[in-house]
Amino acid sequence: MTGKARLLRMILGRLVLGLLTLWLISVLIFLAVSLLPGDIAQQILGQSATPETVAALRRELGLDQPLLQRYLDWMGTLLAGDFGNSLSNGRPVADLLAARMGKTLFLAAYAAAIAVPLALFLGILSAYRRGSLFDRAVTGLTLTMISFPEFFIAYVLMLFLAVRLPFFPTIADYGSDAGLIEMLHRTFLPAMALVLVVTAHMMRMTRAAIINLMAQPYIGMARLKGIGPLRVILVHALPNALAPIINVVAVNIAWLVSGVVIVEVVFVYPGLGQLMVDSVSNRDIPVVQACCLIFAAVYILLNLLADVLAIATNPRLMHRAG
Amino acid sequence: MTDLLLDIRNLQVATRLGAPILRGIDLSLHRGEVMGLIGESGAGKSTLGLAAMGYVQEGCRINGGAVHFDGQDLLALPEKQRRLFRGARIAYVAQSAAASFNPAWRLIDQFTEAPRLHGHARRAESEADAHDLYGRMGLPDPADFGLRFPHQVSGGQLQRAMTAMAMACRPDLIVFDEPTTALDVTTQIEVLAAIRSVVRDLNSAALYITHDLAVVAQMADRIKVLRHGEEVEEAPTGRLISAPQKEYTRSLWAVRNLTRPARPKPAETNHPALRLKGVTASYGRKMAVLRDVSIDFAAGRTIAVVGESGSGKSTTARAITGLLKPLSGDIELRGRALPAALRDRTKAELRSIQMIYQMADTALNPRQTLREIIGRPAAFYGGLRGAALDARVRELLAAIELEPGQFIDRRPGELSGGQKQRVGIARALAADPEFIICDEVTSALDQLVAEGILKLLMRLQEQTGVTYMFITHDLSTVRAIADSVVVMQKGAVVDQGSRDHIFQQSTHPYTRRLLDSVPETDTDWLTRTLAQRGRG
C-alpha cells in the first residue's frame, strides 16, 4: 500500500472511532444533564409553579418518560438532523447555535491567526538563542501568562486599553452590519487575552521540541557539514519536531473554540460559551446538550487533523522501508 | 614541507568542568595520507578527530594549542569562517549513519546540501555527482538510490551513502569516526573496501578513528596510538604492527590472541544442560523469525551462537528465557521438558536460566547499590536473609574481583563499564544458575576490558560448571572462549560443530564467508580477501 492509501484508511478508521467517541459523549452528557439538581419544569416555571402547571409541563417536555426512552427520543431527532427547540424561547436550537457559532469561530480564528505564528516564531527564536537574555525573558513572560487566570488578563487589558486609554471598546459584540475592520477592532481585546494565554503554551512546546532534538547525531552532522545555526534549526531540527508542535497547536485551537467561556463573559461577547452558561442556569437542556456535542466534535476533529498531519509529515510513516 | 595539510600542535581539550580529554597532542598529516587513530574509549580519538575540523563537542573547550589546516590556524578564526571549511574542505563520517542522517529528508537532498551552500556546485551538478559516487561506493541503483529516505536503506548502505556525502565537495581531508563499528563483519568488509577505493581514487587525506586494530591496518598509512588523551606512539602501519615499541601497544595486540584450549565433549550419556528441538517462533503474525532451530547445549561448556544482526540469535535467547513463546518445538532443561511460557515455569526452572546483557548501563538499576542488585536474586531464589545474604553478596563480589568492602554500597554510576559488566555477571550468578545466556556481553567494551571479562567468565565456569550460551557477532571472541559454535542465518541454524571444526574445516559457504570477513592485522588482508572473492 502506498503512503497515501494508508493515510486514507487511517483517516476513515479514525473517523469511525471519532463517531463512536461522540456517541459515548452523548450518553455522558445526557446522564450529566439529568443529574442537574432540581426539577426542570419547576425551574422553568419559577414563581408561577403550581402542581398542575408543573405536571403539564413535565408531560409536554416528556419528563414523565423513563430516562432511556428520553435518550432514545433525543438521539432519534438528533440523527434526523434536528437539535430540538429551546425550552426558554421555543426557537429551534440549530438557529440559536448558528448565530453564536459564527461569533465564536470568528474570535477563535482571530486569536489563532495571531497566536500560532507568534508562538512558532518565539519558540524557534528562543530555541535558537537558548540561554540568552531573550530566551530567558520570553520564558519568564510566558510562564507569567500561563500562571495568571485568563479573566485577570482580560480585566488588565480592559483597564489599560479600554478604560485608561480608550483605544478599544469594553464590550466586544459587533452588530450584524459591521465591516471586517470594525469586527477586528471590537474583538481586539478578547482576542488579545486569548492570544496571551495560548501563545505561552504553544511557544514553550515548540522550544522544547526543538531543543530536545539538538542533541541528535544528525544535528551534529549538519553542523559538521558547515551549516549555520539558523538553518540547522529551521531545516534540520524543525521538520522532525513537527508532530509535537502540531499536536499542541490543535489542542490550543480546540480550546479557543470551546474553552473561552470566561473571556466571552468578561467582554459580553455572545459566543457559544456564553450561550452554554446561560442555558445551564436556565435549565435549557436541549441547548446545553447541543453545545456540549459541538465542543466534543471540535476536539475530536482537531485531534484527528493533528494526527493526520503528524503522519503526513513523517517520512517513516509515509514511505515504507524497502 | 609544502604538502603538509593538517598540523596540530600541543592541542589541549578539557570538559567545561576541567577534566582533561586531550593533554597536548601533536599530529601532522600530508595530502593524500591516511592516518589511523587507535585507542580505547576515553582515549580522546573522537575529540581529536573533531578538533581537526576546529570543532569541539558541547560541554568541552579547547584550552591550548593550534590546529593548522593548509596553513591557516582554524582555532584563531571566527566560528563563521571555520564553518566555511567544514563540509567543504574537511568532511566528517560518523559512527552511526542511521542516526546521523536526518530522518526527514531524502538522501540526495542531504548529499547536495553542503555543495549548494558552500557554492561548490549547483543542485543538478551535485545530483549527477551523487549518482557517480553512489555507483563508486557500490550502492544499488545509483540513479534512484538518493530518492530514498534514511529508514528505507540498510545500515551498511547508509554508511556508504555517508561516505559519498562526505566526498560531495571533494574535501582535502575526511575524518572517519568508527565508520564500521556498528556493522556486521560481512557488511563491514564491503564498506571498508568501498571507503578505501574512494579515498584512493580521489586522493583525499583521512583520519581514520577506530578501536579495531585489524581494520586500521587495512586503511592507514600511519597509525597513532592514543591513551588517556596522550600519544602512546606513532609509526608507519607495518612497523607498528610488526614491532610495536610500547608495552601498551603490545597489550592491545596480545588480546587478539587469547584462546582457550580445546576441551573434550562431555560424555554422551549425560543430558545436555539445555536442548532446543525444532523451535519455530515469530513476533506477532509476521513471518517466522526462528525456523526449526535445534541446538544442544552441552553441560559445563560454552556454546557460541554467531550470525549477522537479524539472524535470530537474540530471538533464540528470548525463546529459551520464555519471554517469547515459540509457535512449535520443545525446550528441555536437563532432559526434562521446560514449559514454553514464562508464567508456567516453576521458580526452580526460572532460577536455572539467567541472563547477562550487552548494555550493563541500562541493565542495572542506577538507584540501587550493588548490595541490592546482587542481593535481590540471592534472596529471591536462595531464600537468604540477614547475615547469610550479606556474606553471599560479599562472596559474589569477591568472585568477580571487586573488593567487597569497597564496592558493596556503591551504585552503578560509580563504576567503570567493565566493572558494571562484572556486576551483571554477579547478579546472574547470584541465582546459582545452570545456564547463563551472555548476550553480546563484551561488544560494548574496549578490548583490554573485554579480555578481563572473558577470562572471568571462563574461570567462573571452571568453578561452578555453568553452561554458557554466548551470543556474539565478534568471531575473535568466539575463538577465545567457545567450545562449540552455532552459526545462524535468517532465523535458522545453518552450521554447527566444535570450535576447531568450524574454524578450520567447515565447508558451509556462509560460515566460510563469515570467517573470511573477520579482519586480520595483516595489512594485506583486505586486498587479499577481496581478490579471493573476485575469483570465487
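About the thresholds
Residues numbered from 1 in each chain as written. Chains lettered and ligands numbered in written order. Predicted model: local features only at pLDDT ≥ 70, side-chain atom pairs only at ≥ 80, totals over all residues. Helix = DSSP H or I, 4+ residues; strand = E, 2+ residues; numbered from the N terminus. Buried ≥ 20, exposed ≤ 12 C-beta atoms within 10 Å, placed from the backbone. Pairing = 2+ DSSP bridges. Axes fitted to C-alpha atoms, helices over the stretch in contact; angles between N-to-C directions. Parallel < 35°, antiparallel > 145°, perpendicular 65-115°, else oblique. Left-handed = near helix turned anticlockwise from the far one by under 90°. Contact = placed C-beta atoms within 7 Å. Nonpolar A, V, L, I, M, F, W, Y, C, P; charged D, E, K, R; others polar. UniProt positions renumbered as here; feature names shortened; annotations may be inferred.

Asks: Please clarify how the overall build of chain A should be interpreted in this entry.
Replies: When helices and strands are tallied, chain A shows 15 helices and 0 strands. Expressed as a percentage of its 322 residues, the buried residues of chain A come to 34%.

Asks: What should I look at first to understand the sheet that holds strand β2 (residues 20-30) of chain B in this one?
Replies: Strand pairing in a sheet relies on backbone hydrogen bonds. The paired strands run either parallel or antiparallel. All names here are of chain B. The sheet built from 4 strands is open, its strands ordered β2-β1-β4-β5 with antiparallel pairing. Of all strands in the sheet, those bounded by a partner on one side alone are β2 and β5 (72-73). The pairing of strand β1 (residues 4-15) with strand β4 (residues 60-69) spans 8 bridges and is classified as antiparallel. Within β4, the residue paired with Ala-14 across the bridge is Arg-61.

Asks: What is the right way to read the packing of helix α16 (residues 386-399) of chain B against helix α18 (residues 417-430) of chain B from this model?
Replies: A pair of packed helices is characterised by two quantities: the angle between their axes and the separation of those axes. Residue and element names in this part refer to chain B. Where α16 contacts α18, the two axes come as close as 9 Å, and the packing angle between them is 135°. Classed by the angle they form, the pair α16 and α18 counts as oblique. Helix-helix and strand crossings are classified by hand; for α16 and α18 the assignment is right-handed. Together, Leu-396, Leu-397 and Ala-399 of α16 and Ala-426, Leu-429 and Ala-430 of α18 make up the contact between the two elements. Residues belonging to the contact of α16 with α18 are distributed by class as follows: 6 nonpolar, no polar and no charged.

Asks: How should the UniProt feature "transmembrane region" (unreviewed entry) in chain A be read in this particular structure?
Replies: All names here are of chain A. Under the UniProt annotation, the feature "transmembrane region" (unreviewed entry) is placed at residues 12-36, 105-128, 140-163, 183-203, 241-267 and 287-312. The distance separating the terminal C-alpha atoms of residues 183-203 is 27 Å; by composition the span is 95% helix and 0% strand. Split by type, residues 287-312 is 100% helix and 0% strand. Its first and last C-alpha atoms lie 37 Å apart.

Asks: What am I meant to see in the UniProt feature "domain: ABC transmembrane type-1" (unreviewed entry) in chain A here?
Replies: Residues given the UniProt feature "domain: ABC transmembrane type-1" (unreviewed entry) here are residues 101-306 of chain A. What you have in residues 101-306 of chain A is 82% helix and 0% strand, and the ends, taken at the C-alpha atoms, are 22 Å apart.

Asks: Just to check I follow, could you spell out the sheet that holds strand β11 (residues 274-282) of chain B for this structure?
Replies: Residues and elements named next belong to chain B. Pairing in this open sheet of 4 strands is antiparallel, and the strands run β12-β11-β14-β15 from one edge to the other. Where the open sheet ends on each side, the last strands, each with one partner, are β12 (288-297) and β15 (336-337). Where strand β14 (residues 328-333) lies against β15, 2 bridges are found, and the strand directions are antiparallel. Its bridge partner being in β15, Glu-332 is matched across the sheet by Ala-337. Its contacts with the sheet place helix α12 (residues 313-321) against β11, β12 and β14, and it is angled at close to 70° to β12.

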